[in-house]
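Chain by chain, the residues:
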Amino acid sequence: GENVEQHPSTLSVQEGDSAVIKCTYSDSASNYFPWYKQELGKRPQLIIDIRSNVGEKKDQRIAVTLNKTAKHFSLHITETQPEDSAVYFCAASRGGTASKLTFGTGTRLQVTL
Amino acid sequence: SAVISQKPSRDICQRGTSLTIQCQVDSQVTMMFWYRQQPGQSLTLIATANQGSEATYESGFVIDKFPISRPNLTFSTLTVSNMSPEDSSIYLCSPLGTGAEAFFGQGTRLTVV
């Protein structure tokens, strides 16, 4: 089955700096890669996703890049703000009727003033 | 995205008892996923529920422990049976969106004492 590795497990950045979280996957048939943000005591919220026919996607301060050859994808957050502090999870699936998600282990992002 | 109502939001249960978690979606969905999030951990898929057929369980999860019902395309239940303290987790339902996006219910925080 699919295996998703995520790094780093914790990340501390100063407000205004950029943050990058990286994930690798093992299943070459995976074609859908979402990122979730989970604040303390809340459900995971989908913040951005990318499909395998696209190399990069951007939404305001967040962007995701995908390298299918190397089987890795990354989340980039620019101009970080204290409200970006949360746990971020990457995930992968084959999409369609095989859309079960395999999650990475999570990255705790702390944005300090 | 669909409106997902999951209940109860939390419960404290005695070991040996069972708890049934309900998940209601405001639109018809083909698949319903059930995930478990142990304290401080990532999300792990328990099973996939399709209407009219038995749920498909992931490795390490069995129907006797986690029976699932899916009576129609908007509703599903997960039961945690014969509970032990190790079952203390957050349980999340996740309907499959039309574009394979996965959104989550509010979660059920279960504590077994």
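Residues numbered from 1 in each chain as written. Chains lettered and ligands numbered in written order. Predicted model: local features only at pLDDT ≥ 70, side-chain atom pairs only at ≥ 80, totals over all residues. Heavy atoms only, no water.

## Description of the sheet that holds strand S3 (residues 19-25) of chain B
Residues and elements named next belong to chain B. The sheet built from 4 strands is open, its strands ordered S1-S3-S8-S7 with antiparallel pairing. Both edges of this open sheet fall to strand S1 (4-7) and strand S7 (68-72), since each of them pairs with a single strand only. Pairwise comparison of adjacent strand axes, ignoring direction, gives a mean angle of 15° for this sheet. Direction of pairing for S3 relative to strand S8 (residues 75-80): antiparallel, over a ladder of 6 bridges. Within S8, the residue paired with Leu 19 across the bridge is Val 80. (Pairing = 2+ DSSP bridges. Helix = DSSP H or I, 4+ residues; strand = E, 2+ residues; numbered from the N terminus. Axes fitted to C-alpha atoms, helices over the stretch in contact; angles between N-to-C directions.)

## Structural notes on the pattern of salt bridges
Residues and elements named next belong to chain A. All chains considered together, the criterion is met by 7 salt bridges over all chains. Across the salt bridge formed by Arg 61 and Asp 84, the nearest N and O atoms sit 2.9 Å from each other. Placement of the pair is Arg 61 in the loop between strand S6 (56-59) and strand S7 (62-67) and Asp 84 in the loop between strand S8 (72-77) and strand S9 (86-92), with a sequence separation of 23 residues. Among the residues examined, Arg 61 registers a relative accessible area of 22% and is labelled partly exposed. Each member of the salt-bridge network shares a partner with another, and the members are Lys 37, Glu 39 and Lys 42. (Salt bridge = Lys/Arg side-chain N within 4 Å of Asp/Glu carboxyl O. Buried < 20%, exposed > 50% of the residue type's maximum accessible area, 1.4 Å probe, protein only.)

## Focus: the packing of aromatic side chains
Evaluation of the coordinates by the stated rule reveals 13 aromatic pairs over all chains. Measuring from centroid to centroid gives 6.1 Å for Tyr 25 of chain A and Phe 73 of chain A, while their planes differ by 55°, and the two rings are tilted. On the criterion of sequence distance, the pair formed by Tyr 25 of chain A in strand S3 (residues 19-25) and Phe 73 of chain A in strand S8 is long-range, its members being 48 residues apart. With respect to class, Tyr 25 of chain A is no different from Phe 73 of chain A; both count as buried. A ring pair is formed by Phe 61 of chain B and Phe 66 of chain B, whose centres lie 5.6 Å apart and whose planes are at 65°; its orientation type is edge-to-face. Across the pair, Phe 66 of chain B and Phe 61 of chain B agree in class, each one buried. Counting every residue linked through ring pairs, the aromatic cluster contains Tyr 36, Phe 89 and Phe 103 of chain A together with Phe 33, Tyr 35 and Phe 104 of chain B. (Phe/Tyr/Trp six-rings, centres within 6.5 Å; stacked < 30°, edge-to-face > 60°.)

## So, the interface of chain A and chain B
Facing 18 residues of chain A, the contacting portion of chain B comprises 21 residues. Summing both sides of the interface, chain A and chain B together bury roughly 1,500 Å²; the carbon and sulfur share of this comes to 57%. Contact with chain B buries surface across chain A, with Arg 43, Lys 100 and Phe 103 of chain A losing the most and accounting together for 34% of the total. Scanning the region where chain A abuts chain B turns up 6 residue pairs in polar contact (both at pLDDT 80 or more). Elements with a minimum of two residues in the side of chain A that touches chain B: strand S4 (32-38) and strand S5 (45-51) of chain A. (Contact = heavy atoms within 4.5 Å. Buried area = accessible area lost by both parts, 1.4 Å probe. Polar contact = N/O pair within 3.5 Å; in protein donor to acceptor, adjacent residues only side chain to side chain.)

## Some points on the nonpolar core
Counting 24 residues, the largest nonpolar core has Trp 34, Ile 46, Phe 66, Ile 68, Leu 78, Tyr 91 and Leu 110 of chain B as its most contacted members. Of all elements in the fold, only S3, strand S4 (31-37), strand S5 (43-50), S8, strand S9 (89-95) and strand S10 (108-112) of chain B reach the threshold of two or more residues within this core. If one sorts the elements of this core by residue count, S3 of chain B sits on top with 4 residues. Among all residues touching Ile 68 of chain B, those that are not within four sequence positions of it are Trp 34, Ala 47, Ala 49, Ala 55, Tyr 57, Ser 76, Thr 77 and Leu 78 of chain B. With 23 residues, the next largest nonpolar core counts Val 13, Phe 33, Leu 66 and Ala 92 of chain A among its residues. (Core = buried A, V, L, I, M, F, W, Y, C linked by side-chain atoms within 4.5 Å.)

## Some points on the sheet that holds S6 of chain A
Residue and element names in this part refer to chain A. Sheet architecture is open: 5 strands sit in the order S1-S3-S8-S7-S6, paired in antiparallel fashion. Pairing within the sheet leaves two strands with one partner each, and these edge strands are strand S1 (4-7) and S6. The average undirected angle you get between the axes of adjacent strands in this sheet is 15°. Judged from the 6 bridges that link them, S7 and S8 form a sheet pairing that is antiparallel. Among the inter-strand pairings, Ile 62 is bridged to a residue of S8, identified as Ile 77.

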